[in-house]
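# Observations on chain architecture
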Amino acid sequence: MDLIVTTLDGKDAGKLKVSEEVFGLDPREDILQRVVRWQLARRQQGTHQSQTRADVSRTGAKMYKQKGTGRARHSSARVPQFRGGGKAHGPVVRSHAHELPKKVRALGLRHALSAKVKSQDLIIVDELNVKEAKTKVLAKDFAKLGFSDALLIGGKEIDLKFSRAASNIPNVDVLPVQGINVYDILRRGKLVLSKAAVEALEERFK
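Summarised in this report is the structure supplied together with it. (Residues numbered from 1 in each chain as written. Predicted model: local features only at pLDDT ≥ 70, side-chain atom pairs only at ≥ 80, totals over all residues. Heavy atoms only, no water.)

### Here's the deal with the packing of aromatic side chains
For any pair of aromatic rings, geometry is given as the distance between the ring centres together with the angle between the planes. All chains considered together, the criterion is met by 2 aromatic pairs. Aromatic side chains Phe142 and Phe147 sit 4.9 Å apart centroid to centroid with 35° between the ring planes, which places their arrangement in the tilted category. Judged by relative accessible area, which is 3%, Phe142 ranks as buried. Since its relative accessible area comes to 8%, Phe147 is described here as buried. Ring geometry for Phe142 and Phe162: centres 6.4 Å apart, planes at 70°, overall edge-to-face. On the criterion of sequence distance, the pair formed by Phe142 in helix H4 (residues 135-145) and Phe162 in helix H5 (residues 160-166) is long-range, its members being 20 residues apart. The exposure classification of Phe142 matches that of Phe162, with both residues buried. Just above the ring of Phe205 sits the side chain of Arg110; from NZ or CZ to the centre is 6.0 Å. (Phe/Tyr/Trp six-rings, centres within 6.5 Å; stacked < 30°, edge-to-face > 60°. Buried < 20%, exposed > 50% of the residue type's maximum accessible area, 1.4 Å probe, protein only. Helix = DSSP H or I, 4+ residues; strand = E, 2+ residues; numbered from the N terminus. Lys NZ or Arg CZ within 6 Å of the ring centre and 35° of its normal.)

Everything listed here is a matter of geometry and, on its own, says nothing about what the molecule does.
Next up, the structure:
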């Protein structure tokens, strides 16, 4: 399939032939959901923890004698039913990550790319380079291309001037091609790929 290539200032730069197996799939929401869930689970810190009765600094002596007081039987004051006691079944430090086969992750990325093509939210530019690191100029170029909420993917290395100019524009993320992922693709309205990024992706899925 052929996709139109433009320059950053909105001029026509010809066409680019891309693989149907990467950009022409029929998107499956179940695969996209699995990959996004896997990504977000890996991002969770899992550092939440509450004190259990073993963590509470309080005497372990029996509160009062077992019989003869007319009150309920109690031993330690560290137990959850008393103020200042430990929490029962509270959160503990753990990893929220779960396994997802590598083939499913790769398939999810291809479906995310295909979803952007199908919804006409994919823009291919010849290169992500600017002469000066001017945010105002770059914002005008983005307006010509018709987006204000986008993920821009460059080659293996991002032009430093372009990265600095784009960093001050809200709702615009810039990543090298090795950092492309399903969650970031789907959370932004438009996906902007450089020709170098397209070539790297097709090489990756050969």
